[in-house]
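Given next are the chains, with one letter for each unit.
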Amino acid sequence: CAVKAAQVLSEIAKNEEMKKRCIEADLVPTLIPLLESTDQEMLLHAGRAIGRICYDNRNIQNPDFIIYTDIAKEALSKTKVAEQLVKQLRRAENHERLEIIFEVLQALAENDALKVQLVEAGVQEVLSEILMGLQGSSQAENTCIVKAASDLIVSLLLGGKKTEGILTVQVPKKKKTKKQPPQKTKKQTPRKTQHKKVHWICHLLSCFHNGNCVRMVQLGVIHQLLDLLEKHVESEDISVQHAALSALRNLAIPVVSKVQMLEEGVAERIQTLLRSEMPPLQFKLLETLRMLADGQADAAEILGQDPMLLNRLVQWCSAKDHTGVHGEANRLLASILHHNRSQEVVKAIQEAQGVKHLISMTTSEHAAMQNEALNALAIASTINLETLEESFKESQLVQSLHKLLQDDNTSPEVKYNSMGLLCSLLNSGDLRQEIEKDKIKETLEQLCSHSNVNVVKEAVTTLQILRGET
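The chain has the name GDS1 protein in an unreviewed UniProt entry, where Eolophus roseicapilla is given as its organism.

### Digging into the side chain of Glu328
Among the secondary structure elements, Glu328 is positioned in helix H20 (residues 323-339). Not counting residues up to four positions away in its chain, the partners in contact with Glu328 are Phe283, Leu286, Glu287 and Arg290.

### Considering unusual backbone geometry
Where the residue is not glycine, phi is negative for most of them; where a peptide bond is considered, it is trans in most cases. Phi at Gln353 takes a positive value of approximately 65 degrees, unusual for a residue other than glycine. Mapping Gln353 onto the fold places it in the loop between helix H21 (343-351) and helix H22 (355-361). Overall, Gln353 belongs to the partly exposed group, its relative accessible area being 48%. For Lys439, which is not a glycine, the phi torsion comes out positive at approximately 55 degrees. The residue Lys439 is located in the loop between helix H26 (429-437) and helix H27 (440-447) in this model. For Lys439, a relative accessible area of 53% puts it in the exposed group.

### What about the pattern of salt bridges?
Under the counting rule described, the total for this entry stands at ten salt bridges. Of the charged contacts in the structure, one is a salt bridge between Arg432 and Glu436, with a shortest N-O distance of 4.0 Å. Placement of the pair is Arg432 and Glu436 together in helix H26, with a separation of four residues, close to one helical turn. Note on Glu436: relative accessible area 47%, which makes it partly exposed. Linking Glu445 and Arg467 is a salt bridge whose minimum nitrogen-to-oxygen distance equals 3.2 Å. In this pair, Glu445 is assigned in helix H27 and Arg467 in the segment after helix H28 (453-466), connecting sequence segments 22 residues apart.

Rules used in this analysis
Residues numbered from 1 in each chain as written. Predicted model: local features only at pLDDT ≥ 70, side-chain atom pairs only at ≥ 80, totals over all residues. Heavy atoms only, no water. Helix = DSSP H or I, 4+ residues; strand = E, 2+ residues; numbered from the N terminus. Contact = heavy atoms within 4.5 Å. Buried < 20%, exposed > 50% of the residue type's maximum accessible area, 1.4 Å probe, protein only. Salt bridge = Lys/Arg side-chain N within 4 Å of Asp/Glu carboxyl O.

Printed below as a string of structure tokens:
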């Protein structure tokens, strides 16, 4: 009777209105214990019912329905469904069962809390074992399982901060098997080769915590990843690229790895990959370079003295056809200037005509990008104001800063950083004259009564420097 009921639910859950009623009737928590069943039919129908209630909603625009599915996933996060599904995945003995469990796991992986629970339950270790067992298989049904496992890996990789650093299990050793007679080597198809690569990435990712990342960089794993990316840079299937780039990003997190990676030519190889015309790939490569430069003066200096890279960045800063790449190129330029301590880098970015883009970035609609640009320009001005002075005058930087200070909609942090940059500009005679001519003093006096304490303190300090009192 229970099996038939689960079968009926799995069928009616295909309908949008019925999904809503299933959630309202609190059927998801009722179905979860059925996943422990050893009855193949029970697992088949209960798993599909849960998957269809919480998944396959990407084309549904009804906001009320989306709320209901979110409620269902929230309810799931308070159960042991992740642990139970990982156990079932480990015990699965046929393709049909694996496909059902993967369908449900993919649904759960849309929820951050459930994603963390899946990793804590060891799903990555089981995935690695499954992929190892299917390595070299050319059967269509095995291809489907490898694809499902690969998609789930990518979902786990894209989990953001909540799932970073928790993929910490060790790579499983290959099980010993009876010696088989030698077989003729068959030519690898592109699809099989790709699946082996995704399998390898899964092993790589299962070792990711800071200590392992450092060891893996020392062992040269980074170059294997870059080899993989170079072979797939023009591929339409971006699953391998996503997995490899996420691995590359994680390897760049430990501070001690950043400079070593750059010294070994990682920046040059990434620059080669930037020939790709695929904006999502360009975006992630630029993001990886920005992570390498973060907090590292040596890394910023290496990147900041690469004329080909700087010219490409400036081209993207000028392009408006892909806002993500445009924004990330600007952010990387700002990061290089911010973390750099060399006059030569300031000169190189100025010669590449990158400074004007950072000045434009100070008026971005995103406060985070405004602050990055303001801080970068302030540090660059401290290092080599003479080189930047002409660009600042041509781009009317002083006038732009004044508008930011006058605008009531400007965030306190942006006002604070704008005044910090003004303090650096006052070391130039010509720029000081512009500041005095634009009557910024009156605006600063008004900011002395601002509601934000930090803005008030910085306004007082800037006025003192302007008046020559310090």
